[in-house]
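Spelled out from the first residue to the last, the chains are:
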Amino acid sequence: ENMKLTVTGRKIEITNGIRTHLNDKMNKTIADLGEAADVHVALAVEKHRHFAEVIVKTKGFTLHSQEETNDLYASMDKALEKMEKQIRKNKEKAKALRNKQGSQSKHQNQD
């Protein structure tokens, strides 16, 4: 599968360190999308506030997560963790829809 990463920054320089960190993290978290995805990470710094926003676009869906902490790397990691949860939920929903056509029983999973 093919994941394309774009990183943009506001009032922040996107270093190789940031890119490498994101790639490593993505490979551990959202790499098992199982399909081609466009991943866009937007970073911004405002005084002590570090914002990270992650947008994942695939053929089937677009997902969006955001995090703000006082540490850039923490913000990136948390935004990616949120994204991973959303992807998992999305996949379960898709699987449930497929299964539903076979059986009418509904299972609701609460986190």
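Details of the structure are given in the entry above.
Residues numbered from 1 in each chain as written. Predicted model: local features only at pLDDT ≥ 70, side-chain atom pairs only at ≥ 80, totals over all residues. Heavy atoms only, no water.

Visitor: Honestly, the sheet that holds strand S1 (residues 3–10) in this entry has me stumped. Any pointers?
Guide: Each strand in a sheet pairs with its neighbour through backbone hydrogen bonds, running either in the same direction (parallel) or in the opposite one (antiparallel). In space, the four strands of this open sheet follow the order S1-S2-S3-S4, with mixed pairing throughout. Of all the strands in the sheet, just S1 and strand S4 (62–69) have a single pairing partner and so form its edges. Ignoring strand direction, the axes of neighbouring strands in this sheet form an average angle of 15 degrees. In terms of strand pairing, S1 meets strand S2 (residues 37–46) through eight bridges, oriented parallel. Counterpart to Lys4 in the pairing with S2 is Asp38. Against the sheet, helix H1 (residues 16–28) engages S1 and S2, with an angle of about 140 degrees to S1. Along the sheet, helix H2 (residues 72–102) makes contact with S2, strand S3 (49–57) and S4, crossing S4 at roughly 150 degrees. (Pairing = 2+ DSSP bridges. Helix = DSSP H or I, 4+ residues; strand = E, 2+ residues; numbered from the N terminus. Axes fitted to C-alpha atoms, helices over the stretch in contact; angles between N-to-C directions. Contact = heavy atoms within 4.5 Å.)

Visitor: Would you take a moment to explain the nonpolar core for this structure?
Guide: The nonpolar side chains of soluble globular proteins are, as a tendency, buried together. Counting 23 residues, the largest nonpolar core has Leu22, Ile30, Val39, Val41, Leu43, Val54 and Val56 as its most contacted members. Put simply, the parts of the chain that give this core at least two residues each are S1, H1, S2, S3 and H2. In terms of residue count, the dominant contributor to this core is H2 (six residues). When residues no more than four places from it in sequence are discounted, the contact partners of Val41 are Leu5, Thr6, Val7, Thr8, Leu22, Glu53 and Val54. (Core = buried A, V, L, I, M, F, W, Y, C linked by side-chain atoms within 4.5 Å. Buried < 20%, exposed > 50% of the residue type's maximum accessible area, 1.4 Å probe, protein only.)

Visitor: In this structure, what is going on with the layout of surface pockets? I would like to understand it.
Guide: Regions of empty space are outlined by a rolling probe, equal in size to a water molecule, passed over the atoms. Of the pockets and cavities examined, the second largest pocket occupies roughly 150 Å³. Classifying every residue of the lining of the second largest pocket gives three nonpolar, one polar and six charged. (1 Å grid on protein atoms, 1.4 Å probe; cavity = no way out; pocket = protein on both sides within 12 Å on 5 of 7 lines; lining within 4 Å. Points joined across faces, edges and corners; volume = space filled by probe spheres on them. Nonpolar A, V, L, I, M, F, W, Y, C, P; charged D, E, K, R; others polar.)

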